[in-house]
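Below are the chains, spelled out letter by letter.
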Amino acid sequence: MRLVVDLNRCQGYAQCAFLAPDVFAMHGEESLLYNPHADEAQREQVMRAATACPVQAILVEDPDEAPAGVGEGLSGVR
């Protein structure tokens, strides 16, 4: 599982740090630190954290799923 946090969108509410403290941590008042490659065992906590984010700044990607648009041209048309 791969995590991406839009740090420009993150407002430091720290809901993620409360719900998945092994993955997310606050550094100071507003700076978020996180592990972009969380263990699969932490999936439930990470999904709860992503859902609880008030500004939806957390994206959880599954490496087994192909990204949208694979096999398509640059315009999205074959």
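Please refer to the structure placed before this passage.
These lines cover the structure that appears in this document, whether it is placed above or below. What you see is a predicted model, and the numbers here were worked out from it, not measured in a lab. (Residues numbered from 1 in each chain as written. Predicted model: local features only at pLDDT ≥ 70, side-chain atom pairs only at ≥ 80, totals over all residues. Heavy atoms only, no water.)

Right, let's get into the packing of aromatic side chains. Under the criterion given, the structure shown has 1 aromatic pair. Look at F24 and Y34: their rings are 6.4 Å apart centre to centre, the planes differ by 25°, and that puts the pair in the stacked class. On the criterion of sequence distance, the pair formed by F24 in strand β2 (residues 24-27) and Y34 in strand β3 (residues 31-34) is long-range, its members being 10 residues apart. (Phe/Tyr/Trp six-rings, centres within 6.5 Å; stacked < 30°, edge-to-face > 60°. Helix = DSSP H or I, 4+ residues; strand = E, 2+ residues; numbered from the N terminus.)

Inspection of the entire model under this criterion finds 1 cavity of 30 Å³ or more. Approximately 90 Å³ is the volume found for the largest cavity. What lines the largest cavity is a set of 15 residues, and nearest its centre among them are C10, Y13, A14, C16 and C53. Looking at the lining of the largest cavity residue by residue, the classes come out as 12 nonpolar, 3 polar and no charged. (1 Å grid on protein atoms, 1.4 Å probe; cavity = no way out; pocket = protein on both sides within 12 Å on 5 of 7 lines; lining within 4 Å. Points joined across faces, edges and corners; volume = space filled by probe spheres on them. Nonpolar A, V, L, I, M, F, W, Y, C, P; charged D, E, K, R; others polar.)

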